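# Descriptive structure summary
If you want the building blocks of each chain, they are given just below.
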Amino acid sequence: MMPSEKPIRQLALAARLLMLLAAVVGLAAAVLLSQLYGPASPAAPVAGANEATDGPPPPGSYHRPATPAPDTAAIPRTAAGRQIRYGRELVARTAAYLGPRGTVAHLSNGMNCQNCHLQAGTQGFANNYLAVAATYPKLRARSGTVEGIEKRVNDCLERSLNGRALPDSRREMRAIVAYINWLGQGIPKGKKVYGTGLTKLAYLPRAADPAIGRAVFASKCQSCHGPTGQGQPLADGHGYQYPPLWGPRSYNDGAGLFRVSNLAKYVKAAMPFGATFDQPQLTDAQAWDVAAFVNSQPRPHLRTPRDWPDISQKPVDYPFGPYADAFAERQHKYGPWQPIEAAHPAKAN
Ligand code: HEC
Ligand code: HEC
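Quick notes on the rules
Residues numbered from 1 in each chain as written. Chains lettered and ligands numbered in written order. Predicted model: local features only at pLDDT ≥ 70, side-chain atom pairs only at ≥ 80, totals over all residues. Helix = DSSP H or I, 4+ residues; strand = E, 2+ residues; numbered from the N terminus. Buried ≥ 20, exposed ≤ 12 C-beta atoms within 10 Å, placed from the backbone. Near = placed C-beta within 6 Å. Nonpolar A, V, L, I, M, F, W, Y, C, P; charged D, E, K, R; others polar. Domains from an automatic or database assignment. Core = buried A, V, L, I, M, F, W, Y, C linked by C-beta atoms within 7 Å. Contact = placed C-beta atoms within 7 Å. Axes fitted to C-alpha atoms, helices over the stretch in contact; angles between N-to-C directions. Parallel < 35°, antiparallel > 145°, perpendicular 65-115°, else oblique. Left-handed = near helix turned anticlockwise from the far one by under 90°. Expected span 1.5 Å × (residues − 1). pLDDT = per-residue confidence, 0-100.

## Structural notes on the overall build of the chain
What the chain contains, in helices and strands, is 14 helices and six strands. The buried share of the chain, reckoned over its 349 residues, is 40%.

So this is what it looks like as structure tokens:
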């Protein structure tokens, strides 16, 4: 062998090793991605509610609908179509049918599903419904059970609308489910849609601060939701022009929005009204602090003794103990959350 060949051989060996390493890393990534985004068998429940909020999907890995939601003009003029339209109407104007002065029943507070699920559940990252049909039934840690769409709708009726559940067979429940299924048509079972649910929001390095949030509320929210957060009822008595943010007519403390992170994520991408995921109007810190302020105010209490049968599954910002760690309730509610998350390396928020 010529003396100069040795370094070349070594280089070739190093290159081969590098290629091998790249192949291993690539394979691991492919396995991970296919587990996250790949087709799920129809029977398998899909775990985790915030999968689709993890930022833009890698190209080709998500099912990304060409249009954000199917066109309501395409709802057929059949009996099935009428049911879908009624479901959409119930989501958009819930109070008119099921509120305190509802024409069908009196089983919810005066709010509409649409107050939180903007544009009847079709606005991106504003509690969007597009992935519901494809991802339910799913195992939810809060109840410790596999929940169908009906159970999930009733969760919001009992908590977000501080009301009572609809029987699965009831005409109104069938209509809401038909609408949600219609929205999710064409999205393969188990696939996630970019823009579903809520946006992702990085934690602050400090606790979210209700005192700072009070000032954010005064400058950014009060003009619509009112100085005492009680909103502005519509003149016809059916619901609100501006819904209440706390007090007796607001969501109760068992609701999803009562977690400061969920409220901050919603507000970041949806409030003040007119803000969107692409054009937010608040800084992250303003969203966190105003959420802390709103959720520090009084609201109805719901007894939920059966929630979180496995307390180690509680999200880090779940505001009620007991916990599987030694952090105080106040830190769970307002943060800082990184130390809590660091103590539970296996669990995301
Ligand atoms: C006060 C706000 C609020 C109202 C009003 C509300 N919801 Fe929700 N809803 C939420 C939040 C927040 C979530 C997500 C919570 C979480 O993941 O913990 C959610 C989740 C859902 C989901 C599951 C979405 C998914 O992708 O997993 C469905 C379905 C749903 N709501 C239906 C309804 C219906 C139907 C109504 C009216 C009867 C309603 N909601 C009223 C706040 C609300
Ligand atoms: C320009 C008026 C306006 C401003 C300003 C505004 N909101 Fe809203 N907000 C609305 C309307 C309208 C809805 C209901 C949307 C619907 O039904 O389509 C709403 C809904 C909400 C909801 C969900 C329903 C509920 O009552 O719980 C929350 C939470 C919320 N707003 C928080 C805020 C916060 C926090 C701010 C300030 C950062 C804010 N909003 C600023 C008009 C406004």
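## Topic: the site of ligand 1
The immediate surroundings of ligand 1 are formed by 27 residues, with Cys 113, Cys 116, Cys 156, Ser 160 and Gly 256 found nearest. Contributing elements (two or more residues each) for the shell around ligand 1: α4 (113-116) and α7 (149-158). In terms of residue count, the dominant contributor to the shell around ligand 1 is α7 (five residues). For the shell around ligand 1, the per-class residue count stands at 17 nonpolar, nine polar and one charged. Three or more residues apiece are contributed to the shell around ligand 1 by two domains, here domain 1 (51-196) and domain 2 (210-343).

## Side note on the site of ligand 2
Lining the immediate surroundings of ligand 2 are 24 residues, of which Cys 221, Cys 224, Pro 243, Pro 272 and Phe 273 lie closest. Of all the secondary-structure elements, those providing two or more residues to the shell around ligand 2 are α4, α10 (222-225), α11 (260-270) and α12 (284-294). Of the residues belonging to the shell around ligand 2, the class tally is 18 nonpolar, five polar and one charged. Counting only domains with at least three residues in the shell around ligand 2, you end up with domain 1 (51-196) and domain 2 (210-343).

## As for the nonpolar core
Counting 68 residues, the largest nonpolar core has Ile 176, Tyr 266, Val 267, Val 290 and Ala 291 as its most contacted members. The dominant element in this core, judged by the number of residues it contributes, is helix α8 (residues 171-183), at eight residues. Mapping this core onto the domain boundaries places at least three of its residues in each of domain 1 (51-196) and domain 2 (210-343). Apart from the residues within four sequence positions on either side, Val 267 is in contact with Leu 282, Ala 287, Val 290 and Ala 291.

## Details of α7
Along an α-helix, residues three or four positions apart point the same way, because every turn accommodates 3.6 residues. For α7, the buried fraction is high: seven of the 10 residues fall into the buried class. Among all positions of α7, only Ile 149, Glu 150, Val 153, Asn 154, Cys 156, Leu 157 and Glu 158 are buried. Lining the buried residues of α7 we find α4, α6 (132-135) and α8.

## Regarding the packing of α7 against α8
Their axes nearest at 10 Å, the elements α7 and α8 cross at an angle of 110°. Between α7 and α8, the angle is such that the two are roughly perpendicular. Both α7 and α8 take part in a crossing whose hand is right-handed. Touching Ile 149, Glu 150 and Val 153 of α7 are Met 173, Ile 176, Val 177 and Ile 180, all from α8. Per-class residue counts for the contact of α7 with α8 are six nonpolar, no polar and one charged.

## Description of the environment of Thr 145
Within the secondary structure, Thr 145 is located in strand β3 (residues 145-147). Among the residues examined, Thr 145 registers 14 C-beta atoms within 10 Å and is labelled partly exposed. For Thr 145 and Pro 309, which are 164 residues apart along the polypeptide, the C-alpha to C-alpha distance reads 9.6 Å.

## Let's talk about α8
Relative to the 18 Å expected for 13 residues at 1.5 Å per residue, α8 spans 18 Å between its end C-alpha atoms, a close match to the ideal helical length. Taken together, the buried positions of α8 are Glu 172, Met 173, Ala 175, Ile 176, Val 177, Tyr 179, Ile 180, Trp 182 and Leu 183. Structurally, α8 contributes buried residues whose contacts are with α2 (79-92), α3 (94-98), α5 (118-121), α6 and α7.

## Some remarks on the packing of helix α9 (residues 210-220) against α12
As a packed pair, α9 and α12 sit with axes 7 Å apart at the nearest point and diverge in direction by 100°. Considering the angle they form, α9 stands roughly perpendicular to α12. Of the residues in α12, those in contact with Pro 210, Ile 212, Gly 213, Arg 214, Val 216 and Phe 217 of α9 are Gln 286, Asp 289, Val 290, Ala 291, Ala 292 and Phe 293. Of the residues contributing to the contact of α9 with α12, the split by class is eight nonpolar, two polar and two charged.

## As for the confidence of the model for the chain
In regions of low pLDDT, the predicted coordinates are not meant to be interpreted in detail. The predicted model of the chain has a mean per-residue pLDDT of 85, with 79% of residues at 70 or higher. pLDDT under 50 marks residues 29-52. Its contacts with residues more than four places away, or in other chains, come to 30 contacts. Low confidence marks residues 57-67, where pLDDT is under 50. Its contacts with residues over four positions away, or in another chain, come to 19 contacts.

## Things to note about the environment of Leu 157
Positionally, Leu 157 belongs in helix α7. Remark: the alpha-carbon pair of Leu 157 and Leu 98, spanning 59 residues in sequence, is separated by 9.8 Å. Once you skip the residues sitting within four places of it in the chain, Leu 157 turns out to touch Ser 108, Gly 163, Arg 164, Ala 165 and Leu 166.

## Some words on the environment of Ile 187
Relative to the helices and strands, Ile 187 resides in the loop between α8 and β4 (197-198). A C-alpha to C-alpha distance of 9.7 Å links Ile 187 and Thr 135, two positions 52 residues apart in sequence.

## Details of unusual backbone geometry
Note that the residue after Met 271, namely Pro 272, is joined by a cis bond; omega there is -10°. With respect to the secondary-structure elements, Pro 272 resides in the loop between α11 and α12. Along the chain, Gly 335 connects to Pro 336 via a cis peptide bond; the corresponding omega equals 0°. Mapped onto the elements, Pro 336 comes out in the loop between α13 (329-334) and α14 (338-343). Phi is positive for Ala 120, which is not a glycine, with a value near 50°. Counting through the fold element by element, Ala 120 comes out in helix α5. C-beta crowding within 10 Å serves as the criterion here: with 21 such atoms nearby, Ala 120 is assigned to the buried category. The phi angle at Trp 308 is positive, at roughly 50°, despite the residue not being glycine. Locating Trp 308 in the fold gives a position in the loop between α12 and α13.

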